[in-house]
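In case you want the letters, here they are:
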Amino acid sequence: MTGGKRIMLVTTGGTIEKTYDELGGVLANRVSNLDVMLSGLELGGVSLDRMALMNKDSLDLNEEDLELIVTTVSRGIVDHDGVVLVHGTDRLAETGRLLHDRLGTTTVPVVLTGAMRPYELRQTDATQNLTEALLAVQVLEAGVWCVMHNRALRFPDVAKDRSRMTFVRQSETLHPAEKT
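Residues numbered from 1 in each chain as written. Predicted model: local features only at pLDDT ≥ 70, side-chain atom pairs only at ≥ 80, totals over all residues. Heavy atoms only, no water.

This brings us to the overall build of the protein chain. The number of helices and strands found in the protein chain is 4 helices and 10 strands. Shown N-terminal to C-terminal, the secondary structure of the protein chain runs as helices and strands in the order β-β-β-α-β-α-β-α-β-α-β-β-β-β. Burial status across the protein chain gives 49% buried among its 180 residues. Long-range pairs, those at least 24 residues apart, make up 61% of the contacts in the protein chain with a sequence separation of at least 6. Summed over all atoms, the accessible surface of the protein chain reaches about 8,800 Å², with 50% contributed by carbon and sulfur. (Helix = DSSP H or I, 4+ residues; strand = E, 2+ residues; numbered from the N terminus. Buried < 20%, exposed > 50% of the residue type's maximum accessible area, 1.4 Å probe, protein only. Contact = heavy atoms within 4.5 Å. Areas by Shrake-Rupley, 256 points an atom, 1.4 Å probe, with all protein chains shown as cover.)

And the structure:
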């Protein structure tokens, strides 16, 4: 493709990719449903390089996983116009700050996104957040960002506000203990 944006889409799992396990009666990270989500989007003018890094709940990420994420994003920013990282929301802010600290000044936008409710549920924010992230990575200035729920927030000033089920600037959180 000529003249379009080349975007790297890195997936790590999280709620956005959870599927219902009928045998266990729970939502779990077993298979990725991101291809289904992507197939329903019109992505004209974008060349998407997808890398399925892992499929884990972010609470289960270990130091090796975080290093792999940092290394993968570091490589992706070299030959792409932007990187979208699909990540679990429980530790998204922590990973975003780590990327902000470790990448230094990036030349392209790095956008983290996820979902508070799995794609498989009727009332999901997964498709909206993925679509917003894919647009935002094309128009935001270089840096590390959280894009969800019609907002683009720049790291390191990002926190999950559990009471509002969204991400906010750390200064907007209701409780200091939630600034994680």
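Turning to the pattern of salt bridges, a few remarks are in order. Any two side chains of opposite charge can pair, given that their charged atoms come close. The full count for this structure, using the stated rule, is 8 salt bridges. The shortest N-O distance in the salt bridge between Arg102 and Glu67 comes to 2.8 Å. You can see Arg102 sitting in helix 3 (residues 92-103) and its partner Glu67 sitting in helix 2 (residues 63-79), a full 35 residues away along the chain. You can call Arg102 partly exposed: its relative accessible area is 43%. (Salt bridge = Lys/Arg side-chain N within 4 Å of Asp/Glu carboxyl O.)

Treat this as a map of the structure, not an account of what it does.
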